[in-house]
There are 2 protein chains.
Amino acid sequence: MKAVLITIGDEILSGNTVDTNSNFIAQQLKSIGIPVLKILTVADEVQTIKKSLAEGFEIADLIITTGGLGPTKDDRTKKAFAEYFGDELKTDDATFLHLKNLMIKRKREHLLEINKDQAVVLSKAHVFQNENGTAPCQMIQQNGKTAVCLPGVPYEVKPLVKDKIIPFLQQKYALSHIIARIISVVDFPESLLALTIEQWELDLPPNISLSYLPVGNRIKLRLTAVGSDAGDLKIQLDNEVEKLRPLIGDKVIAWDGNDIQEILKELLLKNKLTLSVAESCTGGELARLITSVSGSSAYFTGGIIPYDFNQKIALLNVSEKTIRQKTVVSAEVAEEMSVGCQQLFKTDISLSTTGVSGPRTDEFNNTVGTVFYTIRIKDSVQTNSLFLPHMERNDFAAFVSQRVLQDLVSMILKIFK
Amino acid sequence: MKAVLITIGDEILSGNTVDTNSNFIAQQLKSIGIPVLKILTVADEVQTIKKSLAEGFEIADLIITTGGLGPTKDDRTKKAFAEYFGDELKTDDATFLHLKNLMIKRKREHLLEINKDQAVVLSKAHVFQNENGTAPCQMIQQNGKTAVCLPGVPYEVKPLVKDKIIPFLQQKYALSHIIARIISVVDFPESLLALTIEQWELDLPPNISLSYLPVGNRIKLRLTAVGSDAGDLKIQLDNEVEKLRPLIGDKVIAWDGNDIQEILKELLLKNKLTLSVAESCTGGELARLITSVSGSSAYFTGGIIPYDFNQKIALLNVSEKTIRQKTVVSAEVAEEMSVGCQQLFKTDISLSTTGVSGPRTDEFNNTVGTVFYTIRIKDSVQTNSLFLPHMERNDFAAFVSQRVLQDLVSMILKIFK
């Protein structure tokens, strides 16, 4: 079984909203061995949606659409599905009852009447009820083709996919397995890495493919294996990874794991280390990245965002003299921040960032894109700087935060072998 | 001129990476009046890319691709372009020189040899040099069709698009203008809103279209006007917005502006208010959202993330007794946090959040998805709660942060009329 995803909505095409649904659905499908061959984002027009369905079914036997199911005029998905499948739309009693109960639960019974069209579904569809919104999910199966239409709101999409669509597909169709493994390499330019592992890559068995995914100066090597037995695939991947060790072992910071914050979690738990942050130019992004991991409260004690430089003095004991002499964006201030942070939160590790994310220079006339960060593990200290003048402020905060955690992982690996 | 975007890369299809490039490019194109009709995400295979180019040119005269230009084996875009346009690939001296200088600047001259293929470009292409990476941007124009291929790394894509492609296209092609205006409505269910403005919507002139974009319980009404004169379009939009005022005025928190953090910025600057945050369950996301705005240092003083409950006591003076009696996830603790935060940072406004983002319950056995937040503006206090048991932790933090800022905007509007 192969899939095509179709995202319906002018808000994506106009650049108003980033499509995160496709990413989530692709991950979920992959976990049950269904590859996504193509993702289409199209306008909310009946003819366009019908054409996209036809286009998708040329190469895939499963299409999942998101968006275009709300109660307002700019939603035309259901009509397009009905026309494409030669089906008709009718009010479904079970769906109407579900909708009614949802309205009662939300104390919005007075809105039932104007939402009643949400209970109108394709007559041949299997309906998965939506616990978190008014538009149900519908699945229609015809001539070996399966089409699923989902609403567009991400927190409605996720539970529908995870708890309803995936179990349904898994039980009914999943044939082959796909297993992926990601190896994280740092301080190794992509071109040189490619050259170093060229022969190994050429010798990979045909059911294993390799991709390079750069994230800052980390390169994620993703090995993907396809086959009928998950256990066999795991052994096969383990074997290939073993062959890589002598080639690039000294540059690898993790032999498994996608996100740097998850890789860090394992290391912190294993070595029983606690962590705090004092972040200025990253503005909360570093803490957000750390706390995006479930279970992070076991090692993350807290953070401080001393955005105004007076707060660096008041809350973190950074000396006024240092700021006057070196300016607030300096290695010295980053180091003093990390000391203050470690003392304030009483943690084994503290991280600090100070920089100018732009677009304007700061009050000390420091150049946009300059950043200093300190990693303090007990008494060991490492302060680094980056210069990223070309990045917009959100990319800047994300890049710096990724890099700080990546360097922290490297440093923990060195200290706690 | 109409555009199709093609994202090339298995990392998007496999769900490993969220495609943010398309969003940025769509926004940029829109600003010069070029609508994006379709976004395709396809695998990094020569035949697939060629087919996508053909498909795109069926409906558009501009195609912009991202991804698939790196120095490693999984990049096949250039080859596909050459075959599609019947062109050949050759080393370009100017591009090679640019590459060499980049390598010298980065102290990586030893890598020039293995990166030299990055200077191989289409013989008919116009090359835009990439200041932030090794793969250049190429533009090929043939029979009225324009194709641009960009690298995949977002911080390389953004300056290339913004500083090179857009000015080029603007000068050469932009014909009609597109102007959008977003009106933010709160506490108004979508279905009821649609009913309330139905006649107004039906009466809209044919060159103006309306979309509903729900974000939490805020609905963004986007009006998009297309025409030949930007000034006329603005007047036309203003007129339509005026007609809306008597219909929904009391539910509107902003008559212009997309992001809640930008709407907030205007209000804070106008009323000369400073802001600090004490966030627990949002883990840095609230501060990140506030500081994502350029110029936020003018009103955002700082934040604290007391993730461990002891830090709420130590840093924010939350009373132990309150925590014991009400647990850490309670309206009382949220209020005390906001008091401590306001005192610590000496700001007009403080915001606090405390909740259980899951997936597990906290040490006090509070239910996953429960959250309390306090908004304190000088002496005015408002504490609200939400129950979001169905959300994953990142969606949870994002949803709560959006909502807190939205309620803050509503409260400022009430107090500072």
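Chain A carries the name CinA-like protein in an unreviewed UniProt entry, which gives Kaistella pullorum as its organism. Under the UniProt heading Sequence similarities (unreviewed entry), the entry covering chain A gives this text: "Belongs to the CinA family."

Caption draft 1: Focus on the relation of the copies chain B and chain A. With an axial shift of 0.0 Å and an RMSD of 0.1 Å, the rotation relating chain B to chain A amounts to 180°. Taken together, the rotation and translation relating the two chain copies correspond to the operation of a two-fold axis.

Caption draft 2: Region of the structure containing the nonpolar core. In this structure, A:Leu351 and B:Leu351 are the most contacted members of the largest nonpolar core, which totals 80 residues. With sequence-adjacent residues up to four places away left out, B:Leu351 is seen in contact with B:Leu275, B:Ser276, B:Val277, B:Ala278, B:Leu286, B:Ile290, B:Cys341, B:Thr374, B:Ile375, B:Val404, B:Leu405 and B:Leu408. Listed in part, the 44 residues of the second largest apolar core include A:Leu53, A:Phe81, A:Ile140 and B:Ile8.

Caption draft 3: Focus on the pattern of salt bridges. Scanning all chains against the criterion turns up 33 salt bridges over all chains. Of the charged contacts, one joins A:Lys158 and B:Asp395 as a salt bridge, the two residues approaching to 2.6 Å between their closest N and O atoms. Linking A:Lys158 in helix α7 (residues 154–172) with B:Asp395 in helix α16 (residues 393–415), this pair reaches from one chain into another. Within this structure, A:Lys38, A:Glu55, B:Lys38 and B:Glu55 form a network of salt bridges that share partners.

Caption draft 4: Region of interest: unusual backbone geometry. Omega for the bond connecting A:Gly358 with A:Pro359 falls within 30 degrees of zero, at 5°, which places this linkage in the cis form. Locating A:Pro359 in the fold gives a position in the loop between β15 (349–355) and β16 (370–377). A positive phi angle, near 55°, is found at A:Asp187, a position not held by glycine. Residue position: A:Asp187 is located in the loop between β9 (177–186) and α8 (190–196). Residue class for A:Asp187 comes out exposed when judged on its relative accessible area of 51%. The backbone of B:Lys272 shows a phi angle near 50°, a positive value even though the residue is not glycine. With respect to the helices and strands, the residue B:Lys272 is situated in the loop between α11 (260–271) and β13 (275–279). By relative accessible area, which is 71% here, B:Lys272 ends up exposed.

Caption draft 5: Here's a closer look at the interface of chain B and chain A. Counting residues at the interface gives 91 residues for chain B, matched by 91 residues for chain A. Our enumeration of links across chain B and chain A arrives at 9 salt bridges. Between B:Lys158 and A:Glu392 there is a salt bridge, with its nearest N and O atoms 3.4 Å apart. Linking chain B with chain A are 36 residue pairs in polar contact (both at pLDDT 80 or more).

Criteria and thresholds
- Residues numbered from 1 in each chain as written.
- Chains lettered and ligands numbered in written order.
- Predicted model: local features only at pLDDT ≥ 70, side-chain atom pairs only at ≥ 80, totals over all residues.
- Heavy atoms only, no water.
- UniProt positions renumbered as here; feature names shortened; annotations may be inferred.
- Least-squares fit on C-alpha atoms with pLDDT ≥ 70 in both.
- Core = buried A, V, L, I, M, F, W, Y, C linked by side-chain atoms within 4.5 Å.
- Buried < 20%, exposed > 50% of the residue type's maximum accessible area, 1.4 Å probe, protein only.
- Contact = heavy atoms within 4.5 Å.
- Salt bridge = Lys/Arg side-chain N within 4 Å of Asp/Glu carboxyl O.
- Helix = DSSP H or I, 4+ residues; strand = E, 2+ residues; numbered from the N terminus.
- Polar contact = N/O pair within 3.5 Å; in protein donor to acceptor, adjacent residues only side chain to side chain.

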